[in-house]
Amino acid sequence: MREVLIKLFTIALFCLGILSLTIQAQGVGSIISSSTFDQMLKHRNDDACPGKGFYTYDAFIAAANSYSQFGTTGDTDTQKREIAAFLAQTSHETTGGWPTAPDGPYAWGYCFVREKNGNAGDYCNQSSQYPCASGQKYYGRGPIQISYNYNYGPCGEAIGQNLLSNPDLVATDPTVSFKSALWFWMTPQSAKPSCHAVMTGQWTPSAADQSAGRQPGYGVVTDIINGGIECGKGSDTTGAPVADRIGFYKRYCDFLGVSYGNNLDCYNMQPFS
């Protein structure tokens, strides 16, 4: 009887392994393999990175599979560009690179999990809908560096986690961490379209958008994420925020074998209101 149970257990483990590989081979996993992920985010597990060992491929795929439209919308080139754009923007947010870094500054994405500012404040805006929990801080965490209670609250609702009470889950559970970034990516923000809609060609600029210089392309994603600080200020220099985001994007598009598309910067775009 014991031998039978051991055999059944072994078969079950084998089947689970096959199922895991099958899931990875579908959707986003069919475009970016574990080895490609490791090459793109080459130094994320470097000893110098505080996030060493945290951002795993399996967590990325598990989170991506919970957003079925991510990386699966449009033709193959569109899917590749969206994945490259997501990893590029989040790499900029978590970068540990510098101009003379080994393999270049764009090989150091996903180095940080928590906001680099060691004295980060509470990031609490009084809200009856998403009240701040006592003793909690809502500073930047995870790939997109989600911050403020008004983001942690709805994000937690969307992914089934009480992030208002436990915001640090974004920095301690890698799948939740990736889900928080994908929630931001897939969700329209007030007057802004979602990053997903922009990168998949589902967003059409209005007359107001056009007069503000906003045209479809990667640059609008930067405007969505941090336009108030980075956009509409003219061209910046290599290593400056907008150029840094573009550098990551070009690197990742090259890895995935896809062209960059148009309108990569937001130098002449007005920030969204």
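To be clear, the structure that these remarks concern was listed above.
Quick notes on the rules
Residues numbered from 1 in each chain as written. Predicted model: local features only at pLDDT ≥ 70, side-chain atom pairs only at ≥ 80, totals over all residues. Heavy atoms only, no water. Disulfide = S-S within 2.5 Å. Helix = DSSP H or I, 4+ residues; strand = E, 2+ residues; numbered from the N terminus. Buried < 20%, exposed > 50% of the residue type's maximum accessible area, 1.4 Å probe, protein only. Contact = heavy atoms within 4.5 Å. Polar contact = N/O pair within 3.5 Å; in protein donor to acceptor, adjacent residues only side chain to side chain.

J.: Which parts of the structure should I look at to understand the state of the cysteines?
T.: Between two cysteines, a covalent bond joining their sulfur atoms is known as a disulfide. Counting across every chain of the model gives three disulfides. Covalent S-S linkage joins Cys49 and Cys111, the inter-sulfur distance amounting to 2.1 Å. Measuring the twist about the S-S bond at about -105°, one finds the Cys49-Cys111 disulfide to be left-handed. Placement of Cys49 in the loop between helix 2 (34-40) and helix 3 (57-65) and of Cys111 in the loop between helix 4 (76-93) and helix 5 (149-159) is noted, with a sequence separation of 62 residues between them. On the basis of relative accessible area, Cys111 is assigned to the buried category, the value being 2%. Here Cys124 engages in a disulfide with Cys132; their sulfurs sit 2.0 Å apart.

J.: Could you clarify how one ought to interpret the environment of Glu82 in this entry?
T.: Relative to the assigned elements, Glu82 resides in helix 4. As a C-alpha pair, Glu82 and Thr200 span 118 residues in sequence and 6.8 Å in three-dimensional space. Aside from chain neighbours lying at most four places away, what touches Glu82 is Gln69, Phe70, Gly71, Trp185, Met186, His196, Met199 and Thr200. A distance of 2.9 Å separates a polar atom in the side chain of Glu82 from a polar atom in the side chain of Trp185.

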